[in-house]
Amino acid sequence: MTIAPLADRLDAEVPERPALRVIRSGARIDLDGAEQAVSDLLLALGQDPGAEHTRETPRRVAAAYAELLTPREFTFTTFANDE
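What you see is a predicted model; the values in this text were computed from it and never measured.

### Things to note about the overall build of the protein
Piece 1. Each helix and strand counted, the protein has three helices and two strands in total.
Piece 2. Each helix and strand of the protein, placed in order from N terminus to C terminus, yields the pattern α-β-α-α-β.
Piece 3. In the protein, the share of contacts with a sequence separation of at least 24, taken over all contacts with a separation of at least 6, comes to 65%.
Piece 4. When the accessible surface of the protein is totalled, it reaches about 7600 Å², and 55% of it is carbon and sulfur.

As structure tokens, this is what we get:
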């Protein structure tokens, strides 16, 4: 088996491939439900979710998890693998 020189392989036409994309699923994040769950967790841990130092915690935690668990759309970069 002989392998063509690199220059010849780089000049060869690469067939067009469809772009691969990641898309979101239809699932929606229930921020109100997530905030309530965080409030419930704080209560279970003996903390007052209405106290001055924890008042915004349920909203912040729910928003952080929503951002963390929501994938961004992007296009894959693919390379031919003819070897």
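### Side note on the environment of Pro-18
Piece 1. With respect to the element layout, Pro-18 can be found in the loop between α1 (6–11) and β1 (21–22).
Piece 2. Residue class for Pro-18 comes out exposed when judged on its relative accessible area of 67%.
Piece 3. Residues Pro-18 and Thr-78, 60 residues apart in the sequence, show an inter-C-alpha distance of 9.8 Å.

### Overview of a nonpolar patch on the surface
Piece 1. There is a patch of nonpolar side chains on the surface, built from Tyr-65, Leu-68 and Leu-69 and spanning about 380 Å² of accessible area.
Piece 2. Positionally, Leu-69 belongs in helix α3 (residues 57–69).
Piece 3. Owing to a relative accessible area of 60%, Leu-69 belongs among the exposed residues under this scheme.

### With respect to the packing of helix α2 (residues 31–44) against α3
Piece 1. Across the interface, α2 lies against α3 with an axial gap of 8 Å and an inter-helix angle of 125°. Classified by the interaxial angle, the pair formed by α2 and α3 is oblique. Crossing angle aside, the handedness with which α2 passes α3 is right-handed. Here α2 contributes Leu-31, Ala-34, Glu-35, Val-38, Ser-39 and Leu-42 to the contact with α3, which in turn contributes Thr-57, Pro-58, Arg-59, Val-61, Ala-62, Ala-63 and Ala-66.
Piece 2. Each residue belonging to the contact of α2 with α3 can be placed in one class, and the counts come to nine nonpolar, two polar and two charged.

### Side note on the pattern of salt bridges
Piece 1. The tally for this structure, following the rule as stated, stands at one salt bridge.
Piece 2. One salt bridge connects Glu-56 with Arg-59, and the closest N-O pair in it is separated by 2.7 Å.

### Overview of α3
Since the α-helix packs 3.6 residues into each turn, any two residues three or four apart lie on the same face.
Piece 1. Counted at 1.5 Å a residue, the expected span for α3 with its 13 residues is 18 Å, and the 18 Å between its end C-alpha atoms agrees.
Piece 2. Buried within α3 are the following residues: Thr-57, Pro-58, Ala-62 and Ala-66. Around the axis of α3, the buried residues are gathered within 160° of arc, so they sit on the same side. Counted as exposed and oriented over 90 degrees from the buried face of α3: Glu-67 and Leu-68.

### Brief notes about the confidence of the model for the protein
Piece 1. When pLDDT is averaged along the protein, the result is 83; 72% of the residues meet or exceed 70.
Piece 2. Within the protein, α1 has the poorest average pLDDT of any element, 63, and α2 the best, 97.

Parameters at a glance
Residues numbered from 1 in each chain as written. Predicted model: local features only at pLDDT ≥ 70, side-chain atom pairs only at ≥ 80, totals over all residues. Heavy atoms only, no water. Helix = DSSP H or I, 4+ residues; strand = E, 2+ residues; numbered from the N terminus. Contact = heavy atoms within 4.5 Å. Areas by Shrake-Rupley, 256 points an atom, 1.4 Å probe, with all protein chains shown as cover. Buried < 20%, exposed > 50% of the residue type's maximum accessible area, 1.4 Å probe, protein only. Patch = residues over 30% accessible without salt bridge, like charges linked within 9 Å, V, L, I, M, F, W, Y side chains within 5 Å. Salt bridge = Lys/Arg side-chain N within 4 Å of Asp/Glu carboxyl O. Axes fitted to C-alpha atoms, helices over the stretch in contact; angles between N-to-C directions. Parallel < 35°, antiparallel > 145°, perpendicular 65-115°, else oblique. Left-handed = near helix turned anticlockwise from the far one by under 90°. Nonpolar A, V, L, I, M, F, W, Y, C, P; charged D, E, K, R; others polar. Expected span 1.5 Å × (residues − 1). Arc of directions from axis to C-beta. pLDDT = per-residue confidence, 0-100.

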